[in-house]
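Coordinate analysis (summary)
This is what each chain is made of:
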Amino acid sequence: MTHAAAGDRPVRVALIGMGRMGRTIDALAPERGCEVVARLDAAEMVGGLTAAALHGAQVAIEFTTPESSVANAIALLQVGCPVVIGTTGWAAQLSSVEAAARTAQCAALWSPNFSLGVQLFLAMAEDAARRARAVSGFDAHVVETHHIAKLDAPSGTGIAIADRLREGLGREVPITSVRTGSVPGTHEIIFDAPFEQIRFVHEARDRRVFADGALTAARWLAGGRAPGVYTMRDVLASSQASS
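The sections below set out a description of the structure shown in this document. (Residues numbered from 1 in each chain as written. Predicted model: local features only at pLDDT ≥ 70, side-chain atom pairs only at ≥ 80, totals over all residues. Heavy atoms only, no water.)

Here's the deal with helix H3 (residues 94–104)
All of the buried residues in H3 are Leu-94, Val-97, Ala-100 and Ala-101. Buried residues of H3, seen end-on, are gathered within an arc of 125° and therefore sit on one face of the element. Those residues of H3 that are exposed and aimed more than 90 degrees away from the buried face are Arg-102 and Thr-103. Residues of H3 that are buried sit in contact with helix H2 (66–78), strand S4 (83–85), strand S5 (107–110) and strand S10 (228–230). (Buried < 20%, exposed > 50% of the residue type's maximum accessible area, 1.4 Å probe, protein only. Helix = DSSP H or I, 4+ residues; strand = E, 2+ residues; numbered from the N terminus. Arc of directions from axis to C-beta. Contact = heavy atoms within 4.5 Å.)

Next up, the structure:
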């Protein structure tokens, strides 16, 4: 997956939320063919999000809180700015974002996890679950571990993994959440049988893995996508189709 922007011109990006993820994206952006033209935190958005505040951004990347994320995304769509939604914990309101994208004729992209490795992990999870379904005696469980400051539990990624396992197994899969220390994100799938066990693990070693994926999504979204709401599955499918 290339890091160069279309036509070798940097993609102009607005960052919504300047917490740890916002700062990480800001630092990585120049290496990934993006130019950050606006940095908006809560103090800069007291009066609401306006087109002028975005300084000509082609796309916004939003990492704030579950309480403010949906309102931020809708406001960005309403001013015609495509948005990558990196915040988790708001998926129950997805229909509101979908409706806003249709009304504004603009595009949004969301994912519970922007790691490209996690996207592969999800595909592997569903494939393994289908194979396990054909073999009697295997139970499945998801364990997700994150730093103590992570607000949502289970994580959006944990839920996504359980969903893909359910598609393959044809039954619900329980999730255990652990919050400890400074862990960026570890996800484990356990297939357990009476006399043996299979484990699949994805471990994020650095927060930059999420920033890298979010910037990849931003470049993809800025490429003139049709109005609608996309996910990282669309980004990967497009990349595979063009390779």
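A look at the sheet that holds strand S2 (residues 34–40)
Taken together, 6 strands build an open sheet; the order of strands is S2-S1-S3-S4-S5-S10 and the sheet is parallel. Edge strands, defined here as strands with exactly one partner in the open sheet, are S2 and S10. For this sheet the average axis-to-axis angle between neighbouring strands, irrespective of direction, equals 25°. Packed on one face of the sheet, helix H1 (residues 20–28) meets strand S1 (11–16), S2 and strand S3 (59–62) and runs near 160° to S1. (Pairing = 2+ DSSP bridges. Axes fitted to C-alpha atoms, helices over the stretch in contact; angles between N-to-C directions.)

Remarks on the pairing of strand S9 (residues 196–203)
The two faces of a sheet get side chains in turn, since along a regular strand they alternate between them. Looking at chain direction, strand S8 (residues 186–193) and S9 are connected through 8 bridges and run antiparallel. Counted as the bridge partner of Ile-190 is Arg-199 from S9. Where S8 folds back onto S9 in an antiparallel hairpin, the turn is made up of 2 residues.

Describing the sheet that holds strand S6 (residues 139–146)
Reading across from one edge, S7-S6-S8-S9 is the order of the 4 strands in this open sheet, with mixed pairing throughout. Of all the strands in the sheet, just strand S7 (175–179) and S9 have a single pairing partner and so form its edges. Neighbour to neighbour, the strand axes of the sheet diverge by 15° on average, direction disregarded. In terms of strand pairing, S6 meets S7 through 5 bridges, oriented parallel. Each residue of the ladder has a partner; that of Val-143, found in S7, is Thr-176. Relative to the sheet, helix H4 (residues 116–133) contacts S8 and S9, its axis offset from that of S9 by approximately 165°.

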